[in-house]
Amino acid sequence: MNELLAVTSAICASALICTLVSNFVTDGSTKKIVSLVLGAFIICSMIVPIKNAVNGFSEEIAETDISNSAVSTDDEAYSREILKQTRSNLESALKDLLLQNGIKINSCEIILALTDDNSIIISSVRIYISKEYTQYTDLISEITFQNFSVQPNIITE
């Protein structure tokens, strides 16, 4: 019922405003332009509350059989997929970055976490290198810290 009241009051208010504005405009070409603009304003001011009212009515009438656990499960699945893709992209970027500096790593593992405000942070970085690249551990640490702001854990295999 509140939606119907909102629609009615919005239409009445916009009609009143348009009437007042059109009374202050003099006759001529300006009056035609103002009438066109006011007509568009009235149409928009009618569409928005009606759309909101229809959404409000459908929310009140429709019974949802989706439980909160299903919604949170879908949200969690989506978050996991985003983390998985981000992790893959970051690992690929780290490998490419080190390769550009002449360091070939066996593999790397980037652990990501979600903060309370749904931003993604890098928790830790593990880089696996062969024994022939142990002399580059300082360079690997420096490059990783400069680009990812995390001190990596370098593991020799």
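Read on for a plain summary of the structure. (Residues numbered from 1 in each chain as written. Predicted model: local features only at pLDDT ≥ 70, side-chain atom pairs only at ≥ 80, totals over all residues. Heavy atoms only, no water.)

A few points about the overall build of the protein
Point 1. A tally of helices and strands in the protein yields 4 helices and 3 strands.
Point 2. When each of the 157 residues of the protein is scored for burial, the buried share is 23%.
Point 3. When contacts within the protein are restricted to residue pairs at least 6 apart in sequence, those whose partners lie at least 24 apart make up 51%.
Point 4. Split by element, the accessible area of the protein, about 11100 Å² in all, is 58% carbon and sulfur. (Helix = DSSP H or I, 4+ residues; strand = E, 2+ residues; numbered from the N terminus. Buried < 20%, exposed > 50% of the residue type's maximum accessible area, 1.4 Å probe, protein only. Contact = heavy atoms within 4.5 Å. Areas by Shrake-Rupley, 256 points an atom, 1.4 Å probe, with all protein chains shown as cover.)

Some words on the packing of aromatic side chains
Point 1. According to the stated counting rule, one finds 1 aromatic pair in the structure shown.
Point 2. With a centroid separation of 5.8 Å and 40° between ring planes, the pair formed by Y133 and Y136 is classed as tilted.
Point 3. The exposure class of Y133 is buried, given its relative accessible area of 16%. (Phe/Tyr/Trp six-rings, centres within 6.5 Å; stacked < 30°, edge-to-face > 60°.)

Section: helix α4 (residues 137-148)
Point 1. Relative to the 16 Å expected for 12 residues at 1.5 Å per residue, α4 spans 16 Å between its end C-alpha atoms, a close match to the ideal helical length.
Point 2. Of the positions making up α4, those classed as buried are I140, S141, I143, T144 and F148.
Point 3. Just beyond α4, the residue with positive phi is S149, at close to 55°. (Expected span 1.5 Å × (residues − 1).)

Geometric descriptors of this kind do not, in isolation, establish any biological role.
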